[in-house]
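Close look at the chain arrangement
Each chain, written out:
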Amino acid sequence: QVQLVESGGGLVQAGGSLRLSCAAHGRTFRSYTMGWFRQAPGKERELVAAISWSGGHTYYVDSVKGRFTISRDNGENSVNLQMNSLKPEDTAVYHCAADSDIATMLIPHRYLEVWGQGTLVTVSS
C-alpha cells in the first residue's frame, strides 16, 4: 500500500504560479498511475491531471491544458503538479491519488483507496 502526503498549496493572485508536491511512502509507488484531483465547495471531484507509471502517458482536463504540468520521479517517490497562469476558478482542495491506470482513474465517483489528505489552493482575482 502507498501513503500520500501533499504540500505546496497556498494563496496566490490570478496569473500566478504554484507547485504542488506529493510524497509517496511505500515500495509499490512506481507501479501506480498517479493523479491530481481537485474539489471545490459545492462541486464534484474532478481529475485535473494524471501520469502513467512510466511517465509516458499523461492526461489533463481541458480547463488546465497548457497551464498545468504533471511530472513524477520514481526514484524520489514523488509526483508534482506545476500550475501556471492560475485563475480564480482553480481554487479548490487538491488531492494526490494513485490508481491502476488513467482510464480507471477517470471513472466518475470511483472509490480511490490511495488518496491524500489534500492541500488548499486559493486564487484571488
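First, a word on scope: everything that follows refers to the structure included in this document.

Definitions and limits used
- Residues numbered from 1 in each chain as written.
- Predicted model: local features only at pLDDT ≥ 70, side-chain atom pairs only at ≥ 80, totals over all residues.
- Heavy atoms only, no water.
- Salt bridge = Lys/Arg side-chain N within 4 Å of Asp/Glu carboxyl O.
- Helix = DSSP H or I, 4+ residues; strand = E, 2+ residues; numbered from the N terminus.
- Buried < 20%, exposed > 50% of the residue type's maximum accessible area, 1.4 Å probe, protein only.
- Core = buried A, V, L, I, M, F, W, Y, C linked by side-chain atoms within 4.5 Å.
- Pairing = 2+ DSSP bridges.

**As for the pattern of salt bridges**
The final tally for this structure, using the stated rule, is five salt bridges. Of the charged contacts in the structure, one is a salt bridge between Asp 99 and Arg 110, with a shortest N-O distance of 2.6 Å. Residue Asp 99 is found in strand 9 (residues 92-99), and its partner Arg 110 is found in the loop between helix 1 (102-105) and strand 10 (114-115); the two are separated by eleven residues along the sequence. Given the relative accessible area of 27%, Arg 110 is considered partly exposed. Sharing partners across several salt bridges, the network here consists of Arg 38, Glu 46, Arg 67 and Asp 90.

**A closer look at the nonpolar core**
Of all hydrophobic cores here, the largest spans 31 residues; its most connected members are Met 34, Trp 36, Leu 81, Met 83 and Tyr 94. Of all the secondary structure elements, the ones that give two or more residues to this core are strand 3 (18-25), strand 4 (33-39), strand 5 (46-51), strand 7 (68-73), strand 8 (78-83), strand 9 and strand 11 (119-124). Among the nonpolar cores identified, the runner-up in size contains seven residues, and Phe 37, Ile 102, Met 105 and Leu 112 belong to it.

**Quick notes on the pairing of strand 8**
With five of its six residues buried, strand 8 lies for the most part within the structure. Here six bridges tie strand 3 to strand 8, and the two strands are oriented antiparallel to one another. Of the residues in strand 8, the one forming a bridge with Leu 20 is Leu 81. Alignment of strand 7 against strand 8, held across six bridges, turns out to be antiparallel. Bridging across to strand 8, Ile 70 finds its partner in Leu 81. A loop of four residues connects strand 7 with strand 8, the two strands running antiparallel in sequence, and Asn 77 in this loop sits at a positive phi of about 50°.

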